[in-house]
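# Report on the structure
Here's the letter readout for the chains.
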2 protein chains.
Amino acid sequence: MDNQDIRKAGLKVTLPRVKILELLENSTQRHVSAENVYKMLIDRDEEIGLATVYRVLTQFEAAGLVTRQNFEGGYAVFELDRGGHHDHLVCVVCGKVEEFVDATIEKRQREIAKEHGFEIVDHSLIIYGHCGNPKCHVG
Amino acid sequence: MDNQDIRKAGLKVTLPRVKILELLENSTQRHVSAENVYKMLIDRDEEIGLATVYRVLTQFEAAGLVTRQNFEGGYAVFELDRGGHHDHLVCVVCGKVEEFVDATIEKRQREIAKEHGFEIVDHSLIIYGHCGNPKCHVG
DNA sequence: CTCGTAATGAAAAAGATTCTCATCACCATT
DNA sequence: AATGGTGATGAGAATCTTTTTCATTACGAG
Ligand SMILES: [Zn+2]
Ligand SMILES: [Zn+2]
Ligand SMILES: [Zn+2]
Ligand SMILES: [Zn+2]
């Protein structure tokens, strides 16, 4: 994952693109919103506009470098596409995100789509719940 | 599904609430956005503000009368809760929505949550694709 | 090194949803 | 049926996320 990936996407290798890609690679959280990315860049004294962050993330998504997930609450999170597809478990209290892949679910989805005459383009499966952290439990 | 349901939710039986509930029951499309509801009411010469539509739909959701789905594109659709949980298939071309329930998927989700130490609160599974309509196919 | 074109930043715009607040209307009580 | 208290409503302002506009800047091919 380097500047060549940016070039291969048909995009110029510019400072904002390099910095955003670096940040996605080195961030402790894999799932970040555009706002997150913007603020992290500000913290690193990078003068990159929010509009550019959105533009670049959208371009990276189109290029297959990044995946976008629409979370509850009307905002999206982005993550570096490390090859494998996966779905998400999100803690509704602390926001912790875990990933999983389940062959059975993936297979059933393909079968269901077929039964309904749909040709799958994409899917989104997000399980919301309380994570293992005691602080995130009710009562 | 009538005025008693509104009362049972601890809400006063007001004209906007009655009209919105009626509309959700009689609409040809089960899955409607707040904007949809607002416009349909305007078409029926009901003078109900958009803010009220949002408020009422949110209250109906809290009362369990209505379910909210966050679709791709950053907007939500609402539908009357007819008891059974179900997931969605959405055509990315014409917007057609079909519903399904799959016991295998539901079961695997519970198992996966357990494996990760999560206590499920909710989940959202949306399969995006091209529906059977020839007009919605590529090439 | 030069130049054309793509990329950027700032601000405005857009789209969805929520909030504010003055006014209005349910409905329990008289 | 009239009254009053409280919850509900409408209009518009405000908020939040994302996109667009446009003048300026900077890749990178030649
Ligand atoms: Zn948690
Ligand atoms: Zn992920
Ligand atoms: Zn279709
Ligand atoms: Zn549905």
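The structure this text deals with has already been given above.
Residues numbered from 1 in each chain as written. Chains lettered and ligands numbered in written order. Predicted model: local features only at pLDDT ≥ 70, side-chain atom pairs only at ≥ 80, totals over all residues. Heavy atoms only, no water.

Further remarks concern the coordination of the zinc ion (ligand 2). Residue and element names in this part refer to chain A. Around the zinc ion (ligand 2), the donor atoms from the protein are His31 (NE2), Glu79 (OE), Glu79 (OE), His86 (NE2), His88 (NE2) and Glu99 (OE), and they sit 2.1 to 2.5 Å away. Coordination at the zinc ion (ligand 2) is irregular: its six donor atoms span angles of 55 to 165° at the metal. On the basis of relative accessibility, which here comes to 13%, the residue His86 falls in the buried class. (Donors = N, O, S within 2.8 Å, 3.2 Å for Na, K, Ca; no water. Tetrahedral: all angles 85-135°; square planar, octahedral: opposite > 155°, others 65-115°. Buried < 20%, exposed > 50% of the residue type's maximum accessible area, 1.4 Å probe, protein only.)

Attention shifts here to the interface of chain B and chain A. Each partner contributes to the interface: chain B provides 37 residues, whereas chain A provides 37 residues. Across the interface of chain B and chain A, roughly 3,100 Å² is buried in total on both sides, 63% from carbon and sulfur atoms. Joining chain B to chain A, the criterion identifies two salt bridges. Residue assignment for the side of chain B that touches chain A shows that the elements contributing at least two residues are strand 4 (87-91), strand 5 (97-100), helix 5 (103-115) and strand 6 (119-130) of chain B. Take the side of chain B that touches chain A: its biggest share by element is 12 residues, from strand 6 of chain B. Its residues assigned to classes, the side of chain B that touches chain A comprises 17 nonpolar, 12 polar and eight charged. Here strand 6 (residues 119-130) of chain A runs beside strand 6 of chain B; their pairing, made up of 11 bridges, is antiparallel. Counted as the bridge partner of Ile127 of chain A is His123 of chain B from strand 6 of chain B. (Contact = heavy atoms within 4.5 Å. Buried area = accessible area lost by both parts, 1.4 Å probe. Salt bridge = Lys/Arg side-chain N within 4 Å of Asp/Glu carboxyl O. Helix = DSSP H or I, 4+ residues; strand = E, 2+ residues; numbered from the N terminus. Nonpolar A, V, L, I, M, F, W, Y, C, P; charged D, E, K, R; others polar. Pairing = 2+ DSSP bridges.)

Residues and elements named next belong to chain B. Taken together, Cys91 (SG), Cys94 (SG), Cys131 (SG) and Cys136 (SG) make up the protein donors of the zinc ion (ligand 3), found 2.2 to 2.4 Å from the metal. Classification of the site at the zinc ion (ligand 3) as tetrahedral follows from its four donor atoms and the range of 106 to 112° in their angles at the metal. Between consecutive donor residues of the zinc ion (ligand 3), the sequence gaps follow C-x2-C-x36-C-x4-C. Here Cys91, found in strand 4, pairs with Cys136, found in the segment after strand 6; they are 45 residues apart in sequence, far enough to count as distant. Classification of Cys91 as buried rests on a relative accessible area of 2%.

On to the sheet that holds strand 5 of chain B. Spatially, the six strands line up as an open sheet ordered 5(A)-4(A)-6(A)-6(B)-4(B)-5(B), and their pairing is mixed. In this open sheet, the two edge strands, each paired with only one partner strand, are strand 5 (97-100) of chain A together with strand 5 of chain B. On average, adjacent strands in this sheet sit at an angle of 20° to one another, irrespective of strand direction. As paired elements, strand 4 (residues 87-91) of chain A and strand 6 of chain A share four bridges and run parallel to each other. Residue pairing across strands places His88 of chain A opposite Ile126 of chain A, the latter belonging to strand 6 of chain A. In this fold helix 5 (residues 103-115) of chain A packs onto strand 4 and strand 6 of chain A together with strand 4, strand 5 and strand 6 of chain B, with an angle of close to 135° to the strand it touches most, strand 6 of chain A. (Axes fitted to C-alpha atoms, helices over the stretch in contact; angles between N-to-C directions.)

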